[in-house]
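Close look at the chain arrangement
Here's the letter readout for the chains.
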Amino acid sequence: MSTESRIRCPKLRQRIMSAEDAAALIPSGVNVGMSGFTGAGYPKAVPGALAEHIRAARARDENFRISVWTGASTAPELDGALAEVDGIQMRLPYQSDPLCRQKINDGQMEYMDIHLSHVAQHAWSGFYGKLDIAVIEVVGVTEDGRLIPSSSVGNNKTWIDQADKVILEVNQGQSAGLEGMHDIYYGTALPPRRKPIPLTRPEERFGEKYLMCPPEKVIAVVETNAPDRNSRFSPPDENSQRIANHLLEFFAHEVEAKRLPPELLPLQSGVGNIANAVMAGLNEGPFNNLTAFTEVLQDGMLAMLKSGKLAKASATAFSLSPEANEELAKNIDFYRDRIVLRAQEISNHPEVIRRLGVIALNGMIEADIYGNVNSTHVMASRIMNGIGGSGDFARNGYLSVFMTPSTAKDGSISTIVPMVSHVDHTEHDVQIVVTEQGLADLRGLPPRQRALNIIENCAHPDFRPQLRDYFERACNSKRGMHTPHLLDEALSWHHRYETCGHM
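Now for a description of the structure that goes with this document. (Residues numbered from 1 in each chain as written. Predicted model: local features only at pLDDT ≥ 70, side-chain atom pairs only at ≥ 80, totals over all residues. Heavy atoms only, no water.)

**Things to note about the pairing of strand S16 (residues 359-363)**
A large share of S16 lies buried, amounting to four of its five residues. Both strand S10 (residues 267-269) and S16 contribute to a ladder of three bridges, which runs parallel. Counted as the bridge partner of Gln 268 is Ala 360 from S16. Bridge count for S16 against strand S21 (residues 399-403) is five bridges, and the pairing is parallel. Across the sheet, Ala 360 pairs through a bridge with Ser 400, a residue of S21. (Buried < 20%, exposed > 50% of the residue type's maximum accessible area, 1.4 Å probe, protein only. Helix = DSSP H or I, 4+ residues; strand = E, 2+ residues; numbered from the N terminus. Pairing = 2+ DSSP bridges.)

**Examining unusual backbone geometry**
A cis amide bond, omega 0 degrees, links Leu 92 with the succeeding residue Pro 93. Looking at the secondary structure, you find Pro 93 in the loop between strand S3 (88-92) and helix H6 (98-105). Of note, the amide linkage connecting Pro 191 to Pro 192 takes the cis form, showing an omega dihedral of 10 degrees. Tracing the sequence through the fold places Pro 192 in the loop between strand S8 (182-183) and strand S9 (218-224). Phi at Asp 86 is positive, roughly 55 degrees, even though this residue is not glycine. Position of Asp 86 among the secondary structure elements: in the loop between helix H5 (76-84) and S3.

**Things to note about helix H7 (residues 116-125)**
Within an α-helix, residues lying three or four positions from one another point in the same direction, as the helix has 3.6 residues per turn. The complete set of buried residues in H7 reads Leu 116, Ser 117, Val 119, Ala 120, His 122 and Ala 123. Of the residues one or two after H7, Gly 126 is the one with positive phi, at around 85 degrees.

**Side note on the packing of aromatic side chains**
Two descriptors summarise a pair of aromatic rings, namely the distance from one centre to the other and the angle between the planes of the rings. Using the criterion set out here, one finds seven aromatic pairs in the structure. Arranged with centres 5.8 Å apart and planes meeting at 80 degrees, the rings of Trp 69 and Tyr 128 form a pair that is edge-to-face. Taken together, the residues Trp 69 in strand S2 (residues 66-69) and Tyr 128 in the loop between H7 and strand S5 (133-141) connect sequence positions 59 residues apart. Taking relative accessible area as the criterion, Trp 69 reaches 2% and is therefore assigned buried. Aromatic pair Phe 334 and Tyr 335: ring centres 5.0 Å apart, planes at 85 degrees, arrangement edge-to-face. Judged by its relative accessible area of 0%, Tyr 335 is buried. (Phe/Tyr/Trp six-rings, centres within 6.5 Å; stacked < 30°, edge-to-face > 60°.)

**Considerations on the state of the cysteines**
Across all of its chains, the model carries zero disulfides by this definition. Left unpaired, Cys 213 is separated from the closest cysteine sulfur, that of Cys 9, by 10 Å. Overall, the relative accessible area of 9% leaves Cys 213 in the buried class. (Disulfide = S-S within 2.5 Å.)

Put into structure tokens, the structure is as follows:
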């Protein structure tokens, strides 16, 4: 396609302008909804141009800041550029940018870490205030003004619907073959007018292929030609492979016990190297005709689609390496028949997750001996990235699995601790804990049995005796035998690391 043909609507072609001119339409103090989810489909030009406007305002001693709402994490061209000029007052609902993280943890940027399934509903209800402007990347615009979504959907539908004004980035760097891959549902409503979401299989389509936006809302159209973030993933290391092997053995056992069908149940997988290692293991494993109902489609799932192990996949975004992105573009017709990209209010919807019986596979920072999981904060106070969609899937999935190596920081930190320093997923939402040491199946176990299971199967041998000692002394203290703890020692491991550099 030529650049001109990507914007086929004559009315919107009249609003083409530079990124600098479009950014000048965004005033200080507004709430801006940006497209983007896990480094895919975010605006590539306007945020950087806006950062330069902010830099110029700072030089004039003017305080210029905006609040940024997205689908999830974006990229240095958006989060990094705006954070560098101290241009973000409030950020939600998820981030992974180093500069953003530093400013949040230094108290210079406000941040709301939100379950991703909640964001659209909360925005519609006005919980976060008024959304003033949306900046949305699309692949193209049809003759009648419909928008061809990009490599992520995220909250784009909600941002377009809620914003007073819309700025479009039409990115020719995204494959035109993405057209037709999306399923945008316009049947959601607020209580008490809700109806059941008509989805019973991951591959079902019941919405529109396009995003709808009244042309009169569009105040600017910016042409771009730039790739997504396209982060490379490290090859699976020994620990990741061992975690994957433990899970494959567990799945085989569950199939044999008839608690899972031979093709398993729809898979959800968090982002990262361990998740990709699990997908690589499944790609070589005995299970066939698998499906996925997840947030993000990474390299591992793309490889499974190519091999035929994975029959269909539903997500809200891609998160691919450069090589995998090239594979997607080269064989887009093949993948378009097997992938559905949805809005995150559907991809993460508790009703749908529960109905489909999703197997939730997520990473964590630490777990305690009773199965409470911290997936967001380092040493209680410092945010890493955010909860993302892990809570949506963990609480509502058929199986809730959390994975991590048993140690961090070259063995100076145990990821299995007496009490987590921050709770994102309570013990009630955690069924399986896996490290390279082994797998703890917590289903049907009361707290003290859970503790023994986690200590013996998941803790590193260097820390296992200390955990046993803590648990035994807590039981002998007779303070309370349901969930025994020593309150003066429960967080002592974290305090010791903060003061001595090791647990």
